[in-house]
2 protein chains.
Amino acid sequence: MGLMKSWVASANTVDHPFPLNNLPYGVFSVGGDDPRCGVAIGDMILDCLAAEEAGLLEFDEGPFFDVPFWNEVMEAGPRFWAELRARLQELLAEGAAARSELETCLVAQVDAEMHLPFLVAEYTDFYAGRHHAFNVGSMFRDPANALPPNWLHIPIGYNGRASSVVVSGTPVRRPWGQLKSPDHAQPAFLPSRRFDFELEMGAIVGTPSDRPVTVDEADAMIFGYVLLNDWSARDIQAWEYQPLGPFQAKATATSLSPWIVTQAALAPFRASCPPRDVELLPHLRDTGPMLYDITLTASIAPEGKPPTKLSQTNYREMYYSAAQQLAHHTTSGCPMNPGDLLGSGTISGPTKPERGSLLELSWGGKDPITLDTGEVRSFLEDGDTLTLSGHAKGDGFTIGFGTCSGKILPALPDPYAR
Amino acid sequence: MGLMKSWVASANTVDHPFPLNNLPYGVFSVGGDDPRCGVAIGDMILDCLAAEEAGLLEFDEGPFFDVPFWNEVMEAGPRFWAELRARLQELLAEGAAARSELETCLVAQVDAEMHLPFLVAEYTDFYAGRHHAFNVGSMFRDPANALPPNWLHIPIGYNGRASSVVVSGTPVRRPWGQLKSPDHAQPAFLPSRRFDFELEMGAIVGTPSDRPVTVDEADAMIFGYVLLNDWSARDIQAWEYQPLGPFQAKATATSLSPWIVTQAALAPFRASCPPRDVELLPHLRDTGPMLYDITLTASIAPEGKPPTKLSQTNYREMYYSAAQQLAHHTTSGCPMNPGDLLGSGTISGPTKPERGSLLELSWGGKDPITLDTGEVRSFLEDGDTLTLSGHAKGDGFTIGFGTCSGKILPALPDPYAR
């Protein structure tokens, strides 16, 4: 396919994350103005509301851009998603007739503040990366029985908290919680000492369902993907998670990259799941390549210091695709809605520099890592900024996700001290 | 206090669930009309939209009743909740001046269809009834270690699925799911064979918070209570729940009674939590009576047969109050929103006829129960209607919740057969 050329000159380089091939969807504001929908093209954002009002983005099913979220576009369904993408590519292609009108609808990304691009209906997080599950199981159980018996048969998932999903750039306050160290007889209420990140991808459900769907149907329901950091308080989790799973350990924040990269933009990068140790039951079986070849990195920057790359992995390392996760999610008849967010689970590769969490990188704190700046880390420290980034490399072009970052603020004083 | 007299005559009996003392909030429709907010009084419903349009329920902060849910009233905060309740009691009291105008705003409950009374923002379910946790722990582990180590220190909770919350009367379809019986080497995809109910109360968060709140603050945030049935597929749960908790086992449906009984109506019935085996940490400690003396029953009616009472228990049997659950829920900084629903966890009493689930009543199917009609049950059968009911008995009056019921429909044919 190659790089598609745009009249927005900054979009036309092999390494730019937002060429005409990409066109990811976000919500932005400039100055104190109300947030509105926009599409990234090169270093600019096409203001969709302005373009709609100028008659350049009008559709029979619209208006779509009088609200500051993409859920209404999602609800319009896959046929409309394709129509919208085709229109945007036409408008922004080299030689487009409407160029001069559209130029008045462009905003520089450097001038824009980004917001959550959609209303998160509900949030589900999975535990579907094999190397992560193996590492965690090896640490807390033993390597011979690292994977729970169900792990190779279903994508293990749990419901997370939608209210604490935030956009990249939002600082994250170190949480308090009830903890019990193995050497104490009683639990205590303390700030988390083992606060961690998890490198994940988020899949966004675009079309609703109220019945069990097949893997193929599920794949078609997915509107797009973002980078996702599932901030995790390991010490709170260790105390609370038996028998009903993580709760407050995962409720402080979940950060998303601000641009929804559509399935259509990612189509050239489809990749297959790894070979199966045991055959999946028919309803979860692979029917085609539904992962994506996306290079993912995590880096950490202590306060006032340059970043150190912690990890580099790939979305292909997942054992289950988002489509398989979504199909499993509907087996009970659970209704799914536009804006439902599915976290992939932590994505780690087979080697140490591919591990997607500090828990794995420092092996539970037993093997702290040394940053390029000389600092040592087992878990996140106050002032650290953790940044995820991701991109897929095509023939002469890049599909980028931008970044998903958050700075750790110190815990509040004891919220219950009076 | 005694029975408060209303000009709606049916409300003035000692056993009626909806006297002037109660005034629970629901959403109803008549014929094919749009759903709207209403208040139960005796056998009637006061149509709040009609009363608002007639100028009888007007407030500076309004309008409130141009939408078919109570979330906007919740968002107006506790001072407004008190003002609204006082106005309604004035309007509906014996001798009210506006009686003749109001009479045109009344609808008979028998003519109304009930809907979910609020938009469920997110749903959290707890495991905070001691007898239930002890029974389940005894069955699946052993009586000496029935309670997990954290159980006496925090209300164990997990996030549930808001999209599958339904109003009483909605039929519930037996789910399919991945199961593995202990005597099979491999899991299979089958309709659940151990589909169960859980007798619970639901607490509805009325006011938002974005920081850790105290137990007293949490108590003041609660708008009201409903009956809640957390339908549970025990066989799906057994296979999926390690290590991250229940997921599809609880995602088919959660049923609510249609009337939100306000905290104010329940005030005369406040009750203390049971004595503590170990002292709670200060931020979760009891600061006053925050449970309620509410008699709760579960009954089952096989298709075409009369009901058998399965269980009678009391909301006082909880180990943790909804206020303690909500305080714990905020410790991580997790934002809470109007319309968040907190399930108490299954409420069982100390004796067998007080058990709030078939899992406990039939001891995991080992000790099936015989109904009054002669049928035998270990778990729910197709065609069974399971009904929860609840009320608090005052001096000369009753505060009733109505009922929360659902009929089990047979599983669909294999949803993946092609």
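Everything below is about the structure shown above.
Residues numbered from 1 in each chain as written. Chains lettered and ligands numbered in written order. Predicted model: local features only at pLDDT ≥ 70, side-chain atom pairs only at ≥ 80, totals over all residues. Heavy atoms only, no water.

Asks: I'd love a proper account of the interface of chain B and chain A, names of residues and values included.
Replies: Taken together, the contacts link 58 residues of chain B with 58 residues of chain A. Looking at the side of chain B facing chain A, the largest losses of area belong to Arg161(B), Leu244(B) and Phe247(B), adding up to 15% of the total buried there. Our enumeration of links across chain B and chain A arrives at 4 salt bridges. As a salt-bridge pair, Glu122(A) and Arg161(B) come within 3.4 Å of each other at their nearest N and O atoms. Linking chain B with chain A are 27 residue pairs in polar contact (both at pLDDT 80 or more). For the side of chain B that touches chain A, the secondary-structure elements that each account for two or more residues are strand 6 (123–126), strand 7 (157–159), strand 10 (176–179), strand 11 (188–191), helix 7 (234–240) and helix 9 (322–330) of chain B. With 4 residues, the single largest contributor to the side of chain B that touches chain A is helix 9 of chain B. When the residues that make up the side of chain B that touches chain A are grouped by side-chain class, the tally is 30 nonpolar, 22 polar and 6 charged. (Contact = heavy atoms within 4.5 Å. Buried area = accessible area lost by both parts, 1.4 Å probe. Salt bridge = Lys/Arg side-chain N within 4 Å of Asp/Glu carboxyl O. Polar contact = N/O pair within 3.5 Å; in protein donor to acceptor, adjacent residues only side chain to side chain. Helix = DSSP H or I, 4+ residues; strand = E, 2+ residues; numbered from the N terminus. Nonpolar A, V, L, I, M, F, W, Y, C, P; charged D, E, K, R; others polar.)

Asks: Account for the sheet that holds strand 26 (residues 398–409) of chain A, naming residues and giving values.
Replies: All names here are of chain A. Read across the sheet, 5 strands follow the order 9-26-25-20-21 without closing on themselves; strand pairing throughout is mixed. Two strands lie at the open edges of the sheet, namely strand 9 (172–173) and strand 21 (308–314), each paired on one side alone. Pairing of strand 25 (residues 385–393) with strand 26, which is carried by 8 bridges, proceeds in the antiparallel orientation. The residue of strand 26 that forms the bridge with Ala392 is Ile399. (Pairing = 2+ DSSP bridges.)

Asks: I'd like a description of the relation of the copies chain B and chain A, backed by residues and values.
Replies: With an RMSD of 0.0 Å, chain B superimposes on chain A once it is rotated by 180° and translated 0.0 Å along the axis. Both chain copies can therefore be described as sitting about a two-fold axis. Residues of chain B ranked by C-alpha distance from the rotation axis are headed by Gly245(B), positioned 2.2 Å from it. Mapped onto chain A, 100% of the interface residues of chain B again fall at the interface, so both copies present the same surface. (Least-squares fit on C-alpha atoms with pLDDT ≥ 70 in both.)

Asks: How would you sum up the pattern of salt bridges? Please name residues and give values.
Replies: Side chains that carry opposite charge are capable of pairing whenever their charged atoms lie near each other. Residues and elements named next belong to chain A. The tally for this structure, following the rule as stated, stands at 40 salt bridges over all chains. With its nearest N and O atoms 3.1 Å apart, the salt bridge here joins Glu198 to Lys250. Taken together, the residues Glu198 in the loop between strand 12 (195–196) and strand 13 (199–205) and Lys250 in the loop between helix 7 (234–240) and strand 16 (254–256) connect sequence positions 52 residues apart. Note on accessibility: Glu198 and Lys250 belong to one class, buried. (Buried < 20%, exposed > 50% of the residue type's maximum accessible area, 1.4 Å probe, protein only.)

Asks: Requested: an account of the side chain of Asp235(B), with residues and values cited.
Replies: Residue and element names in this part refer to chain B. Residue placement: Asp235 occurs in helix 7. Lacking a salt bridge, the buried Asp235 has Arg194 as its closest oppositely charged neighbour, with an N-O distance of 5.7 Å. One polar contact links the side chain of Asp235 to the main-chain amide nitrogen of Arg193, over a distance of 2.6 Å. For Asp235, the residues in contact, after removing those within four places along its chain, are Leu179, Ser192, Arg193 and Arg194. (Lys, Arg positive; Asp, Glu negative; His and termini not counted.)

Asks: Explain empty space enclosed by the protein to me, using residue names and the numbers behind them.
Replies: Rolled over the atoms, a probe sized like a water molecule indicates the empty space that remains. Tallied over the entire structure, the rule returns 4 cavities of 30 Å³ or more. The volume enclosed by the largest cavity comes to roughly 40 Å³. Around the largest cavity, the lining residues are Tyr158(A), Asn159(A), Leu244(A), Gly245(A), Pro246(A), Tyr158(B), Asn159(B), Leu244(B) and Pro246(B). Of all the secondary-structure elements, those providing two or more residues to the lining of the largest cavity are strand 7 (157–159) of chain A together with strand 7 of chain B. Tallied by class, residues from the lining of the largest cavity come to 6 nonpolar, 3 polar and no charged. (1 Å grid on protein atoms, 1.4 Å probe; cavity = no way out; pocket = protein on both sides within 12 Å on 5 of 7 lines; lining within 4 Å. Points joined across faces, edges and corners; volume = space filled by probe spheres on them.)

Asks: I'd like a description of the sheet that holds strand 2 (residues 36–41) of chain A, backed by residues and values.
Replies: Residues and elements named next belong to chain A. Here we have 5 strands laid out as an open sheet, ordered 4-3-2-1-5, and antiparallel in their pairing. Looking at the sheet topology across the chains shown, the edges are occupied by strand 4 (106–108) and strand 5 (112–115). Across this sheet, the average inter-strand angle for adjacent strands is 50°, counted without regard to direction. Packed onto the sheet, helix 3 (residues 78–92) meets strand 1 (25–30), strand 2 and strand 3 (44–47) and runs at close to 55° relative to strand 1. (Axes fitted to C-alpha atoms, helices over the stretch in contact; angles between N-to-C directions.)

Fair warning: the whole summary comes from geometry, so function is off the table for now.
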